[in-house]
Each structure stands twice: as structure tokens, then as C-alpha cells.
Amino acid sequence: MPLLNLIVTLIVVGVLLWLVNNYIPMDRKIKSILNIVVVIAVILWILNGTGVLGGLSTVRVGG
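Residues numbered from 1 in each chain as written. Predicted model: local features only at pLDDT ≥ 70, side-chain atom pairs only at ≥ 80, totals over all residues. Heavy atoms only, no water.

**Points about the overall build of the chain**
If you tally the helices and strands in the chain, you get two helices and zero strands. A burial count over the chain gives 6% of its 63 residues as buried. When the accessible surface of the chain is totalled, it reaches about 5200 Å², and 72% of it is carbon and sulfur. (Helix = DSSP H or I, 4+ residues; strand = E, 2+ residues; numbered from the N terminus. Buried < 20%, exposed > 50% of the residue type's maximum accessible area, 1.4 Å probe, protein only. Areas by Shrake-Rupley, 256 points an atom, 1.4 Å probe, with all protein chains shown as cover.)

**Notes on the packing of helix α1 (residues 3-23) against helix α2 (residues 28-50)**
Close contact between α1 and α2 brings their axes to 11 Å; oriented N to C, the two are set at 175°. One way to sum up the angle between α1 and α2 is to call them roughly antiparallel. Each of L6, T9, L10, V13, L17, V20 and N21 in α1 lies in contact with α2, whose residues at this interface are K31, L34, N35, V38, V42, W45 and I46. Its residues assigned to classes, the contact of α1 with α2 shows ten nonpolar, three polar and one charged. (Axes fitted to C-alpha atoms, helices over the stretch in contact; angles between N-to-C directions. Parallel < 35°, antiparallel > 145°, perpendicular 65-115°, else oblique. Contact = heavy atoms within 4.5 Å. Nonpolar A, V, L, I, M, F, W, Y, C, P; charged D, E, K, R; others polar.)

Given below as C-alpha cells:
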């Protein structure tokens, strides 16, 4: 994963999350849940992209 892609993606996700938090009227609890989900998704994406979670592609859920 190139460092430039990582930085650009983090900036874009941060700006989008900031826009949602400031300009879309939602309950505070829903915004908190949305923020937590986005942060966890970005952390997992970074770990998977750097190879730390390389084994996740072999994990199967269900049948």
C-alpha cells in the first residue's frame, strides 16, 4: 500500500465524516455509532492493506 494512497484516503474519509457530522441533522447517538463504525472500518482497512491482517481473506463466515 503506497503511503500517498493511505494519506489521501484518510483525508477523504476524515473530510466526509466531518461533513456528515456537521451538516446532516442526526441524533447524537447515531452520529457516535457512525463515527465508531467508520473508525473501526478504516483501522481494519489499514491493517489489511499493510499486511498485518493478511489472513482475513481466508476466514469464511457461514457455510
